[in-house]
Amino acid sequence: MHKGKHAAALAAVQLVKRDSILGVGTGSTINIFIDELAAANIPLEGAVASSEATASKLHEHGYEVLDLNMTGSLDMYIDGADEANPNLQLIKGGGGALTREKIIAAASKTFVCIVDDSKMVDVLGDFPLPVEVIPMARSYVAREILTLGADPEYREAPRTDNGNQILDCLGMHIDDPEELESIINNITGVVSVGLFAARAADRLLIGFADGRVEERMAGDT
């Protein structure tokens, strides 16, 4: 187990309010978080999951999974990231759950992102930027993304939980994440882009191999 991921996950468990409704993301660090949440015997009224995989894992630990339509806004959403910059802006979607992750983040008062230190970058873009697209629009969207200077690759994987497809955009040097997020979101056929810039994280927990956790808050930079 990666010690940095484990350290960040443990720190996030300490933030969870007992008997709350918690938004829960997707990915390897979140899987550790769910295991540790259950090990700490922290009861929840329920959880809103960003993917079918997360819902299944929550069920395994006895947590009730709720529909966001029924819960209304959430106090807290905890998720990982593929990259994070000093402004707490993120690239997410390596696991294919970017749209549902973005919806839950938007519906939550506090978005806590947990990462190991290898995910920290000065400028986003080394990790291929995922874009979820309506299947019939895939080629059109890819051509539009080419004009932005990126190389879009069709992800040969099962469709997303929403029944859509993903383009992974390579070669991007994202100097203005919020502007690029808006540009890509406005391409017809795009469902969402894995840039979390307009709605960045509020708190970032960075785990290190020696067990240390550094916390950054929105507005610190």
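Conventions used here
Residues numbered from 1 in each chain as written. Predicted model: local features only at pLDDT ≥ 70, side-chain atom pairs only at ≥ 80, totals over all residues. Heavy atoms only, no water. Helix = DSSP H or I, 4+ residues; strand = E, 2+ residues; numbered from the N terminus. Rg over C-alpha atoms; globule rule 2.2 N^0.38 Å. Buried < 20%, exposed > 50% of the residue type's maximum accessible area, 1.4 Å probe, protein only. Contact = heavy atoms within 4.5 Å. Lys, Arg positive; Asp, Glu negative; His and termini not counted. Charge placed at Lys NZ, Arg CZ, Asp CG, Glu CD. Pairing = 2+ DSSP bridges. Axes fitted to C-alpha atoms, helices over the stretch in contact; angles between N-to-C directions. Polar contact = N/O pair within 3.5 Å; in protein donor to acceptor, adjacent residues only side chain to side chain.

**Focus: the overall build of the protein chain**
Argument step 1. Looking only at helices and strands, one finds seven helices and 13 strands in the protein chain.
Argument step 2. Here the C-alpha atoms of the protein chain give a radius of gyration of 17 Å, agreeing with the 17 Å that 2.2 N^0.38 yields for 221 residues.
Argument step 3. For the C-alpha atoms alone, the extent of the protein chain along its principal axes is close to 50 × 35 × 30 Å.
Argument step 4. For the protein chain, buried positions account for 52% of its 221 residues.
Argument step 5. Counting contacts in the protein chain only where the partners sit at least 6 residues apart, residues at least 24 apart contribute 73% of the total.
Argument step 6. One way to put it: in the protein chain the 18 positive side-chain charges average out to a point 3 Å from where the 34 negative ones average out.

**Side note on the pairing of strand S12 (residues 203-207)**
Argument step 1. Counted residue by residue, S12 has four buried out of five residues, so it is predominantly covered.
Argument step 2. Note that strand S6 (residues 108-116) and S12 share five bridges and pair parallel. For Val112, the partnering residue across the bridge sits in S12 and is Arg203.
Argument step 3. Where S12 meets strand S13 (residues 213-217), five bridges bridge the pair, whose relative direction is antiparallel.

**Let's talk about the sheet that holds S6**
The strands that make up a sheet pair up through hydrogen bonds in the backbone, lying either parallel or antiparallel.
Argument step 1. As summarised here, the arrangement of the six strands in space is S2-S1-S3-S6-S12-S13, forming an open sheet in which the pairing is mixed. Edge positions in the open sheet fall to strand S2 (46-49) and S13, since each of these has one partner strand only. Taking each pair of neighbouring strands and ignoring which way they run, the sheet shows an average axis angle of 20°.
Argument step 2. Packing of helix H2 (residues 28-39) onto the sheet brings it into contact with strand S1 (21-24), strand S3 (74-79) and S6, and relative to S1 it is tilted by some 150°.
Argument step 3. Packed onto the sheet, helix H5 (residues 98-106) meets S1, S2, S3 and S6 and runs at close to 145° relative to S3.

**Notes on the side chain of Asn164**
Argument step 1. As for its placement among the helices and strands, Asn164 is situated in the loop between strand S8 (151-154) and strand S9 (165-170).
Argument step 2. According to the relative accessible area criterion, Asn164 is buried, its value standing at 8%.
Argument step 3. Side chain to side chain, Asn164 and Glu132 meet in a polar contact 3.0 Å long.
Argument step 4. Apart from the residues lying within four places of it in its own chain, the contact partners of Asn164 are Glu132, Val133, Ile134, Pro135, Arg159 and Val191.

**Notes on the side chain of Ser192**
Argument step 1. Mapping Ser192 onto the fold places it in strand S10 (residues 190-193).
Argument step 2. Under the relative-accessibility criterion, Ser192 is labelled buried at 5%.
Argument step 3. Within the structure, the side chain of Ser192 is placed 2.5 Å from the side chain of Thr99, a separation counted as a polar contact.
Argument step 4. Apart from the residues lying within four places of it in its own chain, the contact partners of Ser192 are Leu98, Thr99, Lys102, Val131, Glu132 and Asn185.

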